[in-house]
Amino acid sequence: MQEPKKALTVAFLGPLGTYSHQAAYDRFGSSVEYHESGTITDVFEAVASKTAHAGVVPQENSIFGSVIETYDTLRRQNVPAIRGEIVLEVQHCLLARRGVKHEDIRYIKSHEQALGQCRGFLAQNFPNASLEKVASTAAAAEAVLTSPDSAAICSKLCATVFDGLEILFEGIQDRNSNFTRFYVLSTTLDSELPPSTLGQTRCLVRLSWGAENKPSPSIAQLLTALGLSVSRLDRRPQLDGTLPFRDVYFAELAREDGGANGPWMPHIERAIERVRESGGKAELLGIW
Ligand SMILES: O=C(O)C(=O)C[C@]1(C(=O)O)C=C[C@@H](O)C=C1
């Protein structure tokens, strides 16, 4: 008998066995259809094109910091809305094809975040190995199946997903405590996602300047105009203007009044208006 089609499709950075896959499963479980994307940017595109209703993308790691590809994609116009967050504990392993020995390994493959989180281990144990960035940790695990001189940094789960691999080292990241935070993407700012969207206590606002806006306010002036509590600030180069070293800022805001001042959205809308009046650009990218 054919299984009934599931109501929701969730895109994640594949293949099966990535941390993104684990984060998505933690949030959505077995009640949804999963869609594997080749890159983080492809996850955004799957949601934007409505191939998937939701997506899960890594945003920040507690050892290596911001996930650059996620922020670079958030710089684009018409990006999907952020409607949630997931925090996952990350314990990296080094996996190689069964029978491969430490001294055979000349290449270490992984996602750039995982390579960055294990820098100390790599310098100490594989000082002469070449580090190769690939699209995801599970893509690295899959690739070493056919490379007897390579090893992959990935999750323990990959030893089960890909038959023929064995675990050489466990817990190899530079600090024992290691967490990655993910954003949950959806098509619109007001779409509801199961099990439920959080109670609108966080939001992400993109701050920038119009190309013609000279002289421009400083980022400190824009944040003052915003007037809400900023819990995190990231920046990437703004690519659409003619002036060099103009950045786009991503301000994550945390609601502090516990809901005492009524619905949050009108406060955010007024804050965005104040930024515009002070000569900046502000756009709401997500609320959750
Ligand atoms: O490659 C994966 O497994 C991912 O899900 C990506 C990613 C990331 O980009 O941060 C997710 C968690 C870990 O920090 C390492 C890699």
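Residues numbered from 1 in each chain as written. Predicted model: local features only at pLDDT ≥ 70, side-chain atom pairs only at ≥ 80, totals over all residues. Heavy atoms only, no water.

Once that is clear, we can look at the overall build of the protein. Check the secondary structure of the protein and you find nine helices and 15 strands. Rg of the C-alpha trace for the protein: 21 Å, near the compact-globule value of 19 Å for 288 residues, within the 12% margin. Expressed along its principal axes, the backbone C-alpha trace of the protein runs to roughly 65 × 55 × 35 Å. Counting all 288 residues of the protein, 47% fall into the buried class. A separation threshold of at least 6 residues defines the contact pool for the protein, and within that pool the share at least 24 residues apart is 76%. Accessible surface, the protein: about 13800 Å² in total, of which carbon and sulfur atoms supply 51%. Computing the positive centroid from 29 side-chain charges and the negative centroid from 34, the protein places the two 3 Å apart. (Helix = DSSP H or I, 4+ residues; strand = E, 2+ residues; numbered from the N terminus. Rg over C-alpha atoms; globule rule 2.2 N^0.38 Å. Buried < 20%, exposed > 50% of the residue type's maximum accessible area, 1.4 Å probe, protein only. Contact = heavy atoms within 4.5 Å. Areas by Shrake-Rupley, 256 points an atom, 1.4 Å probe, with all protein chains shown as cover. Lys, Arg positive; Asp, Glu negative; His and termini not counted. Charge placed at Lys NZ, Arg CZ, Asp CG, Glu CD.)

The next subject is the state of the cysteines. One way to say it: the disulfide is the covalent bond shared by the sulfur atoms of two cysteines. Inspection of the entire model under this criterion finds zero disulfides. The thiol of C93 is unpaired, and the distance to the nearest cysteine sulfur, on C154, comes to 6.8 Å. You can call C93 buried: its relative accessible area is 2%. With no disulfide partner, C118 has as its closest neighbouring cysteine sulfur the one in C93, 9.5 Å distant. (Disulfide = S-S within 2.5 Å.)

With that out of the way, let us pick up helix α1 (residues 19-28). Of all 10 residues in α1, seven are buried; the element is thus mostly enclosed. Residues of α1 that are buried include every one of Y19, S20, H21, A23, A24, R27 and F28, and no others.

Packing of helix α8 (residues 219-226) against helix α9 (residues 265-277) brings their axes to within 7 Å, and their N-to-C directions diverge by 145°. Seen from above, α8 lies across α9 with right-handed handedness. Between α8 and α9, the residues in contact are L222, A225 and L226 and A271, R274 and V275, respectively. The residue makeup of the contact of α8 with α9, split by class, is five nonpolar, no polar and one charged. (Axes fitted to C-alpha atoms, helices over the stretch in contact; angles between N-to-C directions. Left-handed = near helix turned anticlockwise from the far one by under 90°. Nonpolar A, V, L, I, M, F, W, Y, C, P; charged D, E, K, R; others polar.)

Attention shifts here to the UniProt feature "domain: Prephenate dehydratase" (unreviewed entry) in the protein. Within this numbering scheme, the UniProt entry marks residues 9-187 as carrying the feature "domain: Prephenate dehydratase" (unreviewed entry). The span residues 9-187 carries 28% helix and 34% strand; its end-to-end C-alpha distance comes to 12 Å. (UniProt positions renumbered as here; feature names shortened; annotations may be inferred.)

Within a regular beta strand, the side chains point alternately toward one face of the sheet and then the other, so they alternate between its two faces. Across the five residues of strand β6 (residues 93-97), four count as buried, placing the element largely inside the fold. As defined by bridge partners, β6 adjoins strand β9 (residues 150-154) across four bridges and the pair is classed as antiparallel. Directly across from C93, in β9, lies its bridge partner C154. (Pairing = 2+ DSSP bridges.)

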